[in-house]
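Chains, contacts and geometry: an overview
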Amino acid sequence: MADPVEVRAAVDADVDAVFRIDADRADAQWSRESVAAEIGHAGAVVIVAEAATGIVGFCAWRRLPDVNEITNIGVAESARRRGLATRLVGAAIADCRERGVSLLLEVADSNTGARALYEGMGFALIGRRRRYYRSGADALLMRMRCEGTSDPPGSPSDGTSGATSA
Ligand SMILES: CC(C)(COP(=O)(O)OP(=O)(O)OC[C@H]1O[C@@H](n2cnc3c(N)ncnc32)[C@H](O)[C@@H]1OP(=O)(O)O)[C@@H](O)C(=O)NCCC(=O)NCCS
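The sections below set out a description of the structure shown in this document. (Residues numbered from 1 in each chain as written. Predicted model: local features only at pLDDT ≥ 70, side-chain atom pairs only at ≥ 80, totals over all residues.)

1. As for the overall build of the chain
Along the backbone of the chain there are four helices and seven strands. Counted from the first residue to the last, the chain has its helices and strands arranged as β-α-α-β-β-β-α-β-α-β-β. Classification of the 166 residues of the chain by burial places 29% in the buried group. Taking the intrachain contacts of the chain between residues at least 6 apart in sequence as the baseline, contacts between residues at least 24 apart amount to 58%. (Helix = DSSP H or I, 4+ residues; strand = E, 2+ residues; numbered from the N terminus. Buried ≥ 20, exposed ≤ 12 C-beta atoms within 10 Å, placed from the backbone. Contact = placed C-beta atoms within 7 Å.)

2. Thoughts on the site of the ligand
Taken together, 19 residues are adjacent to the ligand, and Arg80, Ala85, Thr86, Gly113 and Ala116 come closest. Among the elements of the structure, strand 4 (67-75), helix 3 (84-99) and helix 4 (112-121) are those that each provide at least two residues to the shell around the ligand. At six residues, helix 4 tops the list of elements feeding residues into the shell around the ligand. Of the residues belonging to the shell around the ligand, the class tally is eight nonpolar, seven polar and four charged. (Near = placed C-beta within 6 Å. Nonpolar A, V, L, I, M, F, W, Y, C, P; charged D, E, K, R; others polar.)

3. Some remarks on the nonpolar core
Phe58, Cys59 and Leu103 are the most contacted members of the largest nonpolar core, which totals 39 residues. The residues contacting Cys59, other than those within four sequence positions of it, are Ile47, Ile70, Ile73, Leu88, Val89, Ala91 and Ala92. (Core = buried A, V, L, I, M, F, W, Y, C linked by C-beta atoms within 7 Å.)

4. Thoughts on the sheet that holds strand 7 (residues 139-144)
The strand order across the open sheet formed by seven strands is 1-2-3-4-5-7-6, and the pairing between neighbours is mixed. Looking along the sheet, the strands with just one partner apiece sit at the ends: strand 1 (6-9) and strand 6 (124-129). If you compare each strand with its neighbour and ignore which way they point, the axes differ by 25° on average. Summarising the sheet, strand 5 (residues 102-108) and strand 7 pair through six bridges and their orientation is antiparallel. (Pairing = 2+ DSSP bridges. Axes fitted to C-alpha atoms, helices over the stretch in contact; angles between N-to-C directions.)

Below, the structure written as structure tokens:
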């Protein structure tokens, strides 16, 4: 039977685990200090996915006045392709729907796995920043409109299905 995974708000004791998952990727975003700052930031939400073995994923977003923006997401390599990122982004979408705002994110053009995740969930491409990353990759700006929607992302009546133009 699959190991059950709980999704919950991150606490200070999760800093190391979140840092390690982020540090494992080639283009790591955060220092330990920035993980701690994000968890303690009043305008930020950080959630973690916890299995019996420990923290296996996280997602962070900022609640800005008119929009939410995902600032980072990561799933431990050993726990990938089991729907965890979908659950984590789903929690960010649920928060947007409660606030009645859209959800933005930025992803490297070269990050085909993350792009497939977001496109599959119904995010639409709304902008491109050329050679934005140190690697030379473009940054893609993607948005999911969550205002006034209550259907699961990607469903026909959701208004976002098929809207992706990447
Ligand atoms: C991108 C990432 C968060 C995806 O996490 P995950 O838990 O494996 O994603 P899910 O299992 O929810 O994937 C859902 C769908 O997204 C797509 N997808 C996810 N990873 C993919 C990959 N590496 N290649 C192709 N498609 C992928 C698939 O359609 C997948 O459905 P399927 O497994 O039924 O085919 C994870 O690979 C990761 O942590 N990467 C390093 C950090 C990173 O790139 N973060 C994004 C920054 S913008």
